[in-house]
Amino acid sequence: MPSALGGAAPIRIQLLESLDALAPLADAWHALLEEAIPGRGFFYRVPMLQAMAPVHAAANHPGGRRSPFFLLAWRGEKLVGGLPLVLERKPLTRVALRRLLFWAGDGSAVGAEVDVPLRGDEAERTEIVAALRQALTDGVAAGRFDVLDIENFREDSAALPLLRRTFGDGSWRTMPLTSHHVELAGGYPAYRASRSGSRIRELGRLRRKLEAAHRIEILETSALTDDDLRAVMRLHGARQALLSSRGERREAVFERHAGALASLLVAAGSIGATRHRLLLADGQLVAFLLGYVEGDTLLAWLTAVHQDFLDFGAGGVLFWEAVQREFALGAVARIEFGFGTTFVKQTMSTHGLRPWQLEWRPPGNRSGDLRLWAYRRLLTLRARIQRVRGAG
């Protein structure tokens, strides 16, 4: 049953299972994102969802069949909340497990930090979250999934405390990676004084070393040309291949997501919210930092460095240039560098946040619990087989 607060209209939950169904609601959806999670809803805009769809919600996804599974919360004719999810159905070889994942937050082409857009005061938002849970338990989504598995949920989300209370019977834990942020509101002198002097001097030394050996140029652009896009994709692919050779297994993931990543970059440029920085040495692209601006936030969401320029600290040079440039422009209040443990991100960031993960199973779904148990056993068995093969 829909819920109601005082004399207000009850909350109604709508389930959308295609992006085509969301497209006519784009204005209402975008208005909700801008009001409820300003600076955090970029990847949930309809053009970005459509660009991600070939990988993130595709019938041929290697992990199983995927499809959009959006829960929208309405009060009368007003959209007041939403859960942008993906339903993943594992093949029979993986015991036919059905998982609900958060769009863009599970290591897809984006791997972004995620948030839940909710309108209203705390009482209203609590009501919305309760209605969403009811929809998952015995409403429009009931019986459609075995486990809700949300990764990379923002630690500073206003919705997090409400979700933890409402889904308190789930398993909540912090994730191992730290998300690095830079607050610009205090001004450059205060920021510079808070940084490690030795590290900043090291970045200056690396830039002088790079300039002594090469003719460098840093380009700032709001859109990538076709040649720029090809150069970015080549460099990013080479970087993922290098990391894969070190045991991080990224190359296959990149190859699978390369088309969607290129589409994302084109879509982001088409809606005029991008801010990219390219570092050229002797006319060759050797590092890039691709980002978008939404509200007062710049998200630097994709970066790579040519392996021959790692000793020059090309990535650090570019990051430091970007931070100083944003202070000079004065257009944003924060930069989000995303997950990582690199020297550069640790040097630049003013603080780090640990994202949360939720695993929640709807009560009373014994067959789903059995499928999840069998799936975990299968993963454990496969990991043991891989270790044996590696030892051999």
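Residues numbered from 1 in each chain as written. Predicted model: local features only at pLDDT ≥ 70, side-chain atom pairs only at ≥ 80, totals over all residues. Heavy atoms only, no water.

Draft legend 1. Structural detail: empty space enclosed by the protein. Under the defined criterion, the tally for this structure stands at 1 cavity of 30 Å³ or more. For the largest cavity, the calculated volume is near 50 Å³. What lines the largest cavity is simply Arg 275, Arg 277, Leu 289, Leu 290, Gly 291, Leu 298, Ala 300, Ala 322, Ile 335 and Phe 337. Of all the elements, strand E10 (residues 284–294) adds the most residues to the lining of the largest cavity, at 3 residues. Considered class by class, the residues forming the lining of the largest cavity number 7 nonpolar, 1 polar and 2 charged. (1 Å grid on protein atoms, 1.4 Å probe; cavity = no way out; pocket = protein on both sides within 12 Å on 5 of 7 lines; lining within 4 Å. Points joined across faces, edges and corners; volume = space filled by probe spheres on them. Helix = DSSP H or I, 4+ residues; strand = E, 2+ residues; numbered from the N terminus. Nonpolar A, V, L, I, M, F, W, Y, C, P; charged D, E, K, R; others polar.)

Draft legend 2. Up close: the environment of Ala 96. Along the chain, the position of Ala 96 falls in the loop between strand E3 (78–89) and strand E4 (98–102). Taking the C-alpha atoms as reference, Ala 96 lies 9.8 Å from Ala 374; in sequence the two are 278 residues apart.

Draft legend 3. Geometry of the packing of aromatic side chains. Counted under the stated rule, the structure contains 15 aromatic pairs. A centroid spacing of 6.5 Å and a plane angle of 70° characterise the contact between Trp 172 and Trp 356, whose relative ring orientation is edge-to-face. One end of the pair, Trp 172, is in strand E6 (residues 171–174); the other, Trp 356, is in strand E14 (residues 356–360), with 184 residues separating them in the sequence. You'll find Trp 172 and Trp 356 in the same group, each marked buried. Ring geometry for Tyr 188 and Trp 320: centres 6.5 Å apart, planes at 45°, overall tilted. Of this pair, Tyr 188 sits in helix H6 (residues 188–194) while Trp 320 sits in helix H10 (residues 314–329), and the two are 132 residues apart along the sequence. Given a relative accessible area of 28%, Tyr 188 falls into the partly exposed group. One aromatic cluster is present, formed by Tyr 188, Tyr 191, Trp 320 and Phe 327 through successive ring pairs. Stacked on the ring of Phe 167, the Lys or Arg Arg 133 has its end atom at 5.7 Å from the ring centre. (Phe/Tyr/Trp six-rings, centres within 6.5 Å; stacked < 30°, edge-to-face > 60°. Buried < 20%, exposed > 50% of the residue type's maximum accessible area, 1.4 Å probe, protein only. Lys NZ or Arg CZ within 6 Å of the ring centre and 35° of its normal.)

Draft legend 4. Just the side chain of Glu 294, in detail. For Glu 294, the location among the structural elements is in strand E10. Side-chain polar atoms of Glu 294 contact the backbone nitrogen of Phe 42, separated by 3.1 Å. Apart from residues lying up to four places away in sequence, Glu 294 is in contact with Gly 39, Arg 40, Gly 41, Phe 42 and Arg 45. (Polar contact = N/O pair within 3.5 Å; in protein donor to acceptor, adjacent residues only side chain to side chain. Contact = heavy atoms within 4.5 Å.)

Draft legend 5. Summary view of the nonpolar core. Counting 83 residues, the largest nonpolar core has Trp 29, Leu 136 and Leu 148 as the members making the most contacts within it. For Leu 148, the residues in contact, after removing those within four places along its chain, are Leu 85, Leu 100, Leu 136, Phe 167, Leu 358, Glu 359 and Trp 360. Core analysis: the second largest hydrophobic core is formed by 29 residues, Tyr 191, Val 286, Ala 287 and Val 344 among them. (Core = buried A, V, L, I, M, F, W, Y, C linked by side-chain atoms within 4.5 Å.)

Draft legend 6. Fine view of the sheet that holds strand E9 (residues 274–281). The sheet built from 7 strands is open, its strands ordered E8-E9-E10-E11-E12-E7-E13 with mixed pairing. Only two strands of the sheet have a single partner each, and these edge strands are strand E8 (216–221) and strand E13 (351–353). On average, each strand axis in the sheet is inclined to that of its neighbour by 25°, with strand direction left out of account. Across the sheet, H10 touches strand E7 (179–183), E8, E9, E10, strand E11 (297–305) and strand E12 (334–339), and the angle it forms with E9 is around 135°. (Pairing = 2+ DSSP bridges. Axes fitted to C-alpha atoms, helices over the stretch in contact; angles between N-to-C directions.)

In short, shape yes, function no, at least from these values alone.
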